Amino acid sequence: MVTLLCLSMGCAERVPAVPTPFKNAEFLSKPDLALQIPGLRPCTEAADSTIHLNSQQPVTILVHGCNGSAGRFQALAEVFAFHGQQTVGFTYDDRDEMMATSGALARAIEALGARMQNKQITIVGHSQGGLVARKALVAGRPDALRDPELQIRLVTISTPFSGIRAARHCGSPVARIISLGMVMPICQIVTGSKWREITYNAPFITRPGQLSPQVKSHLKVNTDERDSCRTVDAEGNCLKSDFTFSLEEQNQPEVDREPRLKGLDVKAGHVEIVGDRQVIPEKLIRILQQEGVMATTRPERHVDLAKLLAKLYLEDYGTGARE
């Protein structure tokens, strides 16, 4: 059970962030704000958490998944910057209770919006980050968004809205009896304080809540991860699957009935969709551009973009087998 939980939650390994300084700052509008907001920081591993933004421009908040950090999304932030779009990262302890974490994100969004002249904010969450992001934006929570001028666009990617199948024993009364109560401490050891929130019958999952009126749209990207591969050998044989969540785990009736939602299914692995050491997230970039989340690349810049992507995802992460 411990092995299944570890391998099936997208938390099997911690991938280092790109350690280099931001490359594409010259494409961004000159910042007029320097902010310190709890939970928000630049999408780098720099020690300074001050975020520098142009208050007249929209901003995208990137919310990492399990075993991530704000710096984990530095490569994607660089791609946004290449297209003239500013980003910040929301960082959190992925073992904390997700209701508390989503509350921290809601407060961060409110604090950021209060300082921005442009109130358009896009939230992009991958995996567990998608759960945190959507829960931060529901209307029924005690610390719901208050600013009526906010215009929020939500994007979730590979998010287990129906709970994590590998953790079903954590919510099973039968499993608790059979294990003489040992299932609960095991679940907590493996997943942390959030263990009660990730099962199929957890209120966090079964009562996702209605999105706040400030949320104008929800783009829900499901990944069909069957037959995907994360690690290959020199001959191209798969050594490690890139399957984490099934489509059934990513779909939830109440979430999917939301009229502001647009759902897309894409054939991609759980890590592949956001990119890793040997895979450029071409499918995700294409979707983000098609849906207007990321600006379209001008024809004369296609070659420069290709060079940047190779640098970010292939060179900066190092060579060798996919991990």
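Refer to the structure presented above.
**Considerations on the overall build of the chain**
For step 1, the next point in the chain: Helix and strand content of the chain: 11 helices and 11 strands.
For step 2, the next point in the chain: Within the chain, the fraction of its 323 residues that count as buried is 56%.
For step 3, the next point in the chain: Sequence-distant contacts, at least 24 apart, represent 79% of the contacts inside the chain between residues at least 6 apart.
For step 4, the next point in the chain: Counting every atom, the chain has about 14,200 Å² of accessible surface; 54% of that belongs to carbon and sulfur.

**Thoughts on the packing of helix H3 (residues 98–115) against helix H4 (residues 128–136)**
For step 1, the next point in the chain: Packing of H3 against H4 leaves a shortest axis separation of 8 Å and a crossing angle of 65°. In this structure, the crossing between H3 and H4 has a hand that is right-handed. Mapping the contact onto sequence places Met 98, Met 99, Thr 101, Ser 102, Leu 105 and Ala 106 in H3 and Gln 128, Leu 131, Val 132, Ala 133, Lys 135 and Ala 136 in H4.
For step 2, the next point in the chain: Of the residues assigned to the contact of H3 with H4, the class counts are eight nonpolar, three polar and one charged.

**Examining empty space enclosed by the protein**
For step 1, the next point in the chain: Taken as a whole, this structure holds three cavities of 30 Å³ or more when the rule is applied.
For step 2, the next point in the chain: Here the second largest cavity is characterised by a volume of approximately 70 Å³.
For step 3, the next point in the chain: In this structure, the second largest cavity is lined by Leu 131, Arg 134, Lys 135, Phe 161, Phe 204, Ile 205, Pro 208 and Val 255.
For step 4, the next point in the chain: Taken together, the elements giving at least two residues each to the lining of the second largest cavity come down to H4 and helix H7 (203–206).
For step 5, the next point in the chain: Residues of the lining of the second largest cavity, tallied by class, amount to six nonpolar, no polar and two charged.

Quick notes on the rules
Residues numbered from 1 in each chain as written. Predicted model: local features only at pLDDT ≥ 70, side-chain atom pairs only at ≥ 80, totals over all residues. Heavy atoms only, no water. Helix = DSSP H or I, 4+ residues; strand = E, 2+ residues; numbered from the N terminus. Buried < 20%, exposed > 50% of the residue type's maximum accessible area, 1.4 Å probe, protein only. Contact = heavy atoms within 4.5 Å. Areas by Shrake-Rupley, 256 points an atom, 1.4 Å probe, with all protein chains shown as cover. Axes fitted to C-alpha atoms, helices over the stretch in contact; angles between N-to-C directions. Left-handed = near helix turned anticlockwise from the far one by under 90°. Nonpolar A, V, L, I, M, F, W, Y, C, P; charged D, E, K, R; others polar. 1 Å grid on protein atoms, 1.4 Å probe; cavity = no way out; pocket = protein on both sides within 12 Å on 5 of 7 lines; lining within 4 Å. Points joined across faces, edges and corners; volume = space filled by probe spheres on them.

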